[in-house]
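Coordinates in review
Next come the chains, spelled out residue by residue.
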Amino acid sequence: MDDVPSEISVLTLNCWGLKYISKLRRERLAEIGRQIAVAEPEPHIVALQELWTQEDYRSVRRQTRHKLPYAKFYFSGPFGGGLAILSRWPIEESTMFRYPLNGRPTAFFRGDWFVGKGVAHARIRYGPAPKHVVDVFNTHTHAPYEHGPNDSYLAHRLAQAWEMSKLLRAASERGSLVLALGDFNMVPLSLEHRLITAHAPVRDTWRILHPDSSVGPADHPPERARRRPIPTAEFNIRENGAASDGPYNTWRWPKAQQKRLGVGKPDLPVSPDTIDSRGKRLDYVFAGCGDVAALGGGWVVSRVSVGMMVRHPELGCSLSDHFAVEATLVFHPLDSANAPQPHHYSHAADNSATTGLTATTTNTTATATANTPSTPNPRQQLLHQEKQQHPDDGSTILDDKQDDALHNGTYLQSPRTSSVRGPHSFDSQLLAAVRSPVEPLPASAYDEVLAATRRYAARERAQKRWRGAHFWAALAAAVGAWVAVWFSPHNWVSFLLMLLLGSLGLVAGTVDGLLALLFFKSELRALREFEWEIVNAKAALAAAGGGPPVPVSDDDGEDDEGNRGW
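Computed from a prediction, not measured in an experiment: that's the story for all the values here.

It is worth spelling out the sheet that holds strand S1 (residues 7-17) at this point. Within a sheet, each strand pairs with its neighbour through backbone hydrogen bonds, oriented either parallel or antiparallel. Ordered by their spatial adjacency, six strands build an open sheet running S3-S4-S2-S1-S12-S11, and the pairing between neighbours is mixed. The open sheet has two edge strands with one neighbour each: strand S3 (70-73) and strand S11 (297-307). Neighbour to neighbour, the strand axes of the sheet diverge by 15° on average, direction disregarded. By the bridge criterion, four bridges tie strand S2 (residues 45-51) to strand S4 (residues 84-87) in an arrangement that is antiparallel. Across the sheet, the residue bridging to Ala 47 is Ile 85, located in S4. In the packing of helix H1 (residues 25-38) onto the sheet, the strands contacted are S1 and S2, and the crossing angle to S1 comes to about 175°. Against the sheet, helix H15 (residues 425-435) engages S11 and strand S12 (324-333), with an angle of about 110° to S11.

According to UniProt, the feature "transmembrane region" (unreviewed entry) maps to residues 469-487 and 493-520 in the numbering used here. For residues 469-487, the end-to-end C-alpha separation is 28 Å, with 89% helix and 0% strand making up the annotated structure.

If you look at the biggest cluster of nonpolar residues, it comprises 40 residues, and the most contacted ones within it are Phe 137, Met 164, Leu 168, Phe 184, Ile 196 and Phe 286. Of all the secondary structure elements, the ones that give two or more residues to this core are helix H4 (154-173), strand S8 (177-183), helix H5 (191-199), strand S10 (283-287), helix H16 (443-485) and helix H17 (491-544). Among the elements that take part in this core, H4 stands out by supplying nine residues, more than any other. Once you skip the residues sitting within four places of it in the chain, Leu 168 turns out to touch Phe 137, Val 178, Leu 179, Ala 180, Ile 196, Ala 200 and Val 202. Among the nonpolar cores identified, the runner-up in size contains 38 residues, and Tyr 74, Trp 206, Tyr 248 and Val 306 belong to it.

To continue, consider the packing of aromatic side chains. For the coordinates displayed, the defined rule picks out 12 aromatic pairs. Arranged with centres 5.3 Å apart and planes meeting at 75°, the rings of Phe 184 and Phe 286 form a pair that is edge-to-face. Linking Phe 184 in the loop between S8 and H5 with Phe 286 in strand S10, this pair joins segments that are 102 residues apart in sequence. The exposure class of Phe 184 is buried, given its relative accessible area of 4%. Measuring from ring centre to ring centre gives 5.0 Å for Phe 471 and Trp 472, while their planes differ by 65°; the resulting arrangement is edge-to-face. Residue classification places Trp 472 among the exposed residues on the basis of a relative accessible area of 58%. Through a chain of ring-to-ring contacts, three or more aromatic side chains come together here, namely Trp 89, Tyr 126, Trp 299 and Phe 331.

This part takes up unusual backbone geometry. In this model, Glu 40 is joined to Pro 41 through a cis peptide bond whose omega is -5°. Within the secondary structure, Pro 41 is located in the loop between H1 and S2. You will see that Leu 189, though not glycine, has its phi angle at about 65°, which is positive. In this fold, Leu 189 is placed in the loop between S8 and H5. Even without a glycine there, the phi angle at Met 308 is positive, about 55°. Following the sequence through the fold, Met 308 ends up in the loop between S11 and S12. With relative accessibility at 10%, the residue Met 308 sits in the buried group.

Axis separation between H1 and helix H2 (residues 54-64) bottoms out at 8 Å; the angle between their running directions is 30°. It follows from the interaxial angle that H1 and H2 lie roughly parallel. The chirality of how H1 crosses H2 is right-handed. Listed contacts from H2 to Arg 25, Arg 26, Leu 29, Ala 30, Gly 33, Arg 34, Ile 36 and Ala 37 of H1 are Glu 55, Asp 56, Ser 59, Val 60, Gln 63 and Thr 64. Partitioned by chemical class, the residues of the contact of H1 with H2 number five nonpolar, four polar and five charged.

Tracing the sequence through the fold places Val 215 in the loop between helix H6 (205-209) and helix H7 (221-225). Judged by its relative accessible area of 3%, Val 215 falls in the buried class. As a C-alpha pair, Val 215 and Lys 280 span 65 residues in sequence and 8.1 Å in three-dimensional space. For Val 215, the contacting residues outside a window of four places in its chain are Val 187, Pro 188, Leu 189, Arg 207, His 220, Pro 222, Glu 223 and Arg 226.

Applying the stated criterion to the full structure yields 28 salt bridges. A salt bridge links Glu 31 to Arg 34, with the nearest nitrogen and oxygen atoms 2.8 Å apart. Of this pair, Glu 31 and Arg 34 both sit in helix H1, three residues apart, which is roughly one turn of that helix. Notably, a salt bridge pairs Asp 212 with Arg 226, separated by 3.6 Å at the nearest N-O pair. Taken together, the positions of Asp 212 in the loop between H6 and H7 and Arg 226 in the loop between H7 and helix H8 (233-238) put the pair 14 residues apart, joining distant regions of the chain. Take Asp 212 and Arg 226: they sit in the same class, and that class is buried. In the salt-bridge network here, residues are joined through shared partners; they are Arg 25, Arg 26, Glu 55 and Asp 56.

The rules behind each value
- Within each chain, residue numbers correspond to sequence positions counted from 1 in written order.
- Whole-chain, interface and lining totals are the exception, using all residues; otherwise, since this is a predicted model, local features are given only for residues with pLDDT of at least 70 and side-chain atom pairs are given and counted only at 80 or more.
- With hydrogens and water set aside, each side-chain value is computed from the structure's full complement of heavy atoms.
- Strand pairing is defined by DSSP finding a minimum of two bridges between the two strands.
- Strands are runs of DSSP state E lasting at least 2 residues, helices are runs of H or I lasting at least 4, and numbering of each runs from the N terminus.
- All axes are obtained by fitting lines to C-alpha atoms, using only the stretch in contact for helices, and the reported angles, taken between N-to-C directions, cover 0 to 180 degrees.
- Residues are treated as being in contact if the distance between any of their heavy atoms lies within 4.5 Å.
- UniProt positions are given in the numbering used here, feature names are shortened, and annotations may be inferred rather than shown by experiment.
- Definition of nonpolar core: a set of buried residues of the types Ala, Val, Leu, Ile, Met, Phe, Trp, Tyr and Cys, connected through side-chain atoms within 4.5 Å.
- Accessibility here uses a 1.4 Å probe with only protein chains present; expressed as a share of the type maximum, an area under 20% marks a residue as buried, one over 50% as exposed, and anything in between as partly exposed.
- A pair of aromatic rings is counted whenever rings of Phe, Tyr or Trp (Trp by its six-membered ring) have centres within 6.5 Å, and the orientation is called stacked for planes under 30 degrees apart, edge-to-face for over 60 and tilted otherwise.
- When describing relative orientation, an angle under 35 degrees is termed roughly parallel and one over 145 degrees roughly antiparallel, while 65 to 115 degrees is termed roughly perpendicular and anything else oblique.
- Note on convention: near helix rotated counterclockwise from far helix by under a right angle means a left-handed crossing. Clockwise means right-handed.
- Residue polarity is assigned by list, with Asp, Glu, Lys and Arg as charged and Ala, Val, Leu, Ile, Met, Phe, Trp, Tyr, Cys and Pro as nonpolar; anything else, Gly included, falls into the polar class.
- We count a salt bridge whenever a side-chain nitrogen from Lys or Arg sits within 4 Å of a carboxyl oxygen from Asp or Glu.

Shown next, in the form of structure tokens:
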């Protein structure tokens, strides 16, 4: 194995590789592989989504195996999960986690349920020490086919974000560097986004370096509330990280304009000043900082950018309907003279506004005076470093008022350079990670999750009842048709009775009956599990805040209709 790296570069890309549906799939995927191989800086870990076929995976591998010799294609569902992870370093183990809630088989024309979406995990070792490990999680969550308060898939994306946060938290508690990459199908600071950062000690790398970036497309209500000018295409890429739906991507052009591209046709450039009201950020790199105490430092973000924007050299089209998101993490050591003591991440503390970090300190020696300070913990050490580096201006990190404005989507003043991108920003990042490894949610956010979950559960209960009634009605109609055949005066009437009512009607009813018995019942039980976990998290928040303990009942029972009719 090579020497322990001082930086790790990662790349995530939705390849848009739907077989029979995505246009110019083979040509684009081959070029994606070539571009990954020549990318600068050279990526050490690559996460790909919508890479559905073994053929396309092998095409990418042929181009990249000399740079990324280790790789895993993940199998899930009848048609595959579309996920793959490429690595410069060995993959010690891998797992494919299926999401308990992932679309509906009745929406067969959308396909999310059939592909078995989930989280692809790879444990990658980059050095010889026990904590020289990266836990990489790659996902593609449920697509947002609907919008607004009637979005029936919101509960699915919330449940998927919750499952991801549990995986990230568990990996962080083992002391690994944790990376979550992929197409999350959510906008920044949305409820799904906040669920992840509230329950796992990871941060959105783009917002670390661009804390004032947009929280959605220009017409998104929270973004409109910020009262910012509609961005240009260049600004949306450079500052907002809008890797999806922008004018630079040829697959978002009108059909007539797309037809002007092709072999031998002139290139059609896009002006950087083009107004971009639709571009948004759906693709993310979430990162932890590793075990700061064990490693004597932590991983911080030095660079994030939108990549893979080049067009196919012959076809003139974009390589995918998304651009890539790239990030570079560097290892930032602490002062060896003040090495931090071992600490432990506490999930109970993440629901209060505490640091979630406990540190043990050594006792002073017998000859020390009474006022000699003990060995500082990571937070104390970094605060001391920040005071030395910023003695006058106080520009260590964003203050509480600015933090509140940022999280509420009303952050109207850009931070000072020294606080985010200056020469001491790495210290600020570690300080923020140690002081507050998670971004706690208020109780009202849990109420929003519960409201969306219960609203969707009510919809599915109605669907379950309706489809069950359809089965019994179809069965009764079929029996009636079979009896009526004996009394029919004409053969053609008998044929219609047998074919339409007796056979086709019963088949359709049986399908609905099986959906009611198997799918809807299973989905409702998964919703019950998710709801219990959210209620429990809210109760933990109340207890951590000094409130009275809130009893949480599991309401278990064999009857699926028990408690709230589930």
